[in-house]
Amino acid sequence: MTWNHLPTELHLAVARFLPPRDTRALSRTSRTSYNILAPQIFSDVTITSRSALKSFAMHVPARYGAHVRRLSVCTKPGENPVTQEVDCTEDLATILVTCSRLRSLSLSLAASLDASKITSVFATLATVQKFEIGCWGQEETAPVSERVAVSLAASLSSLTHLTLSRITRSALHVDNCSPPGVPLVLNDHDVPSHPILGEELCLPSLLKLPTLKSLELRDVWIDCDENMCVQGKVAQLERVSLSGSMYRDGQVENKACLAWLRACGPVLRSFKTGIPFGEFQPSTCLGKDWMAAEHESVISPLPTLTNFHVDAERVALDDLLPMLNVLSACEIKRITIVNAAMCAAQDTFTRECASDEFEDWQDAIEQFLTSNQWDSLKSVELDFGEGAQRVWSL
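Everything quoted here is computed from the prediction, not taken from an experiment. (Residues numbered from 1 in each chain as written. Predicted model: local features only at pLDDT ≥ 70, side-chain atom pairs only at ≥ 80, totals over all residues. Heavy atoms only, no water.)

**Concerning the overall build of the protein chain**
- Within the protein chain, the regular secondary structure consists of 11 helices and 12 strands.
- Counting the 394 residues in the protein chain, one finds 47% classified as buried.
- Working note: accessible area of the protein chain is about 19,300 Å², and carbon and sulfur atoms make up 50% of it. (Helix = DSSP H or I, 4+ residues; strand = E, 2+ residues; numbered from the N terminus. Buried < 20%, exposed > 50% of the residue type's maximum accessible area, 1.4 Å probe, protein only. Areas by Shrake-Rupley, 256 points an atom, 1.4 Å probe, with all protein chains shown as cover.)

Below you can see the structure in the form of structure tokens.
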């Protein structure tokens, strides 16, 4: 019996063990193989440049869009860069309207999108649950506005997991006290009003998305949110991660991080931070009153957390105990402290540094466990890579 005479089930069983390149090679052996394997080939699509995006939009038949489950797009310029931003928007829209079963979408943008043309397309993506959007280029010269990112996320009716990377805040939602050097988008006033959020297309408005379960802000400036107030029902968020920004003002960013934690709602169970925070007295709502309570500011209590994750690459050891003191009433069950850079390092010098830092962090944790009585705490994990790992089971 030849390959082409084997049952379809066996073709698919063999293909499941092949890497993508070999699967594509196998599909070219016959028309039968191609028809059988096309759904698998197009289930996970990665487009690596603006020119590749245009080529895909022009040459891949629209019928293959129904096979796409995961789509990752980067619009970095190729050898012959497309100069008009609208061309990127139109090509992306051409592809997305065919992806009727899309589950995961990732966009790394070298320039922002035309919200007036792309938002309506996002509203048709009823099956997308995971969305990532970030800036590929420089925030100072080619930013991706928070208004565009929030509008697109709010248009995804089934969205549960959202990641924003190096998204630039809009001057429309930042008061006049923003420090010099922080990039702001000044020309995004033409982003259309959204059916759910209206004109309030700022990052904290994401907390109003009813289906959202996980939110991650990577390298996003949040200092302007130090006095954020939430009005009405918030999302049922279970996981939030805030990494901090290179434009940080330490004390202000620390307050903003705690303000985000308070605003995330009582369902939150996992919180990861690359931003230290300590005790402070929350002030009343000032500046933009996009989410202000009708007559007064209401300070939300800290949520009850199951997992607390510390990014030890960004948080200094001296900030650990003040953070834990703030969270003493959160009934945390597991604390995880990881330095990802140390974990990935293989050279001898870095491993020696990791060992020294690990000893200092270990001593601090021992001091905390000795002097504090957290009845809810079950375990503490410290990970600085091979040879520098420990778990305290309580």
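We are not done yet, so read on.
**Topic: the environment of Y64**
- Mapped onto the elements of the fold, Y64 is located in the loop between helix 4 (50–59) and strand 2 (70–74).
- The buried category is assigned to Y64, whose relative accessible area is 9%.
- Note: C-alpha distance between Y64 and A38 (26 residues apart in sequence) is 7.9 Å.

**Some details on the pattern of salt bridges**
- If you walk through the whole model with that rule in mind, you get 11 salt bridges.
- With a closest N to O distance of 3.2 Å, R147 and E199 form a salt bridge. Of this pair, R147 sits in helix 7 (residues 146–154) while E199 is found in the loop between strand 5 (161–165) and strand 6 (214–218), placing the two residues 52 residues apart along the sequence.
- Within the structure, one salt-bridge network assembled from shared partners comprises E146, R169 and D225. (Salt bridge = Lys/Arg side-chain N within 4 Å of Asp/Glu carboxyl O.)

**Looking at the side chain of S155**
- With respect to the helices and strands, the residue S155 is situated in the loop between helix 7 and strand 5.
- Among the polar contacts listed, one links the side chain of S155 to the backbone oxygen of S151, at a separation of 2.8 Å.
- Ignoring anything within four residues of it in the chain, the contact list for S155 reads T119, F122, A123 and H194. (Polar contact = N/O pair within 3.5 Å; in protein donor to acceptor, adjacent residues only side chain to side chain. Contact = heavy atoms within 4.5 Å.)

**Digging into the pairing of strand 10 (residues 334–338)**
- The sheet contact formed by strand 9 (residues 307–311) and strand 10 spans 5 bridges and is parallel. What sits directly across from F308, in strand 10, is I335.
- On the question of chirality, the crossover connecting strand 9 to the parallel strand 10 by way of helix 9 (residues 320–326) is right-handed.
- Looking at chain direction, strand 10 and strand 11 (residues 379–383) are connected through 5 bridges and run parallel. Along strand 11, the bridge assignment pairs T336 with E381. (Pairing = 2+ DSSP bridges. Right-handed = clockwise from strand over helix to strand, strands pointing away.)

**Thoughts on helix 4**
- Within the sequence span of helix 4, burial applies to R50, L53, F56 and A57. Summarising the axial view, the buried residues of helix 4 lie within an arc of 120°, below the 170-degree limit, and thus occupy one face. Of the exposed residues in helix 4, the ones pointing more than 90 degrees away from its buried face are M58 and H59. (Arc of directions from axis to C-beta.)

**Structural notes on helix 8 (residues 250–263)**
- Taking 1.5 Å as the rise per residue, helix 8 with 14 residues should run 20 Å; its terminal C-alpha atoms sit 20 Å apart, in good agreement.
- Residues of helix 8 that are buried include every one of E253, N254, A256, C257, L258, A259, W260, L261 and A263, and no others.
- Contacts made by the buried residues of helix 8 are with strand 6, strand 7 (239–242), strand 8 (270–273) and helix 9.
- The first or second residue beyond helix 8 is G265, which carries a positive phi of 100°. (Expected span 1.5 Å × (residues − 1).)

**Some points on the sheet that holds strand 2**
- Pairing within the open sheet is mixed, and its 12 strands lie in the order 1-2-3-4-5-6-7-8-9-10-11-12. Looking at strand neighbours, the two that pair on one side only are strand 1 (44–47) and strand 12 (389–393), the edges of this open sheet. Strand after strand, the sheet turns through a mean of 5° between neighbouring axes, direction not considered.
- As paired elements, strand 5 and strand 6 share 5 bridges and run parallel to each other. When the sheet's bridge partners are listed, T163 is paired in strand 6 with E216. (Axes fitted to C-alpha atoms, helices over the stretch in contact; angles between N-to-C directions.)

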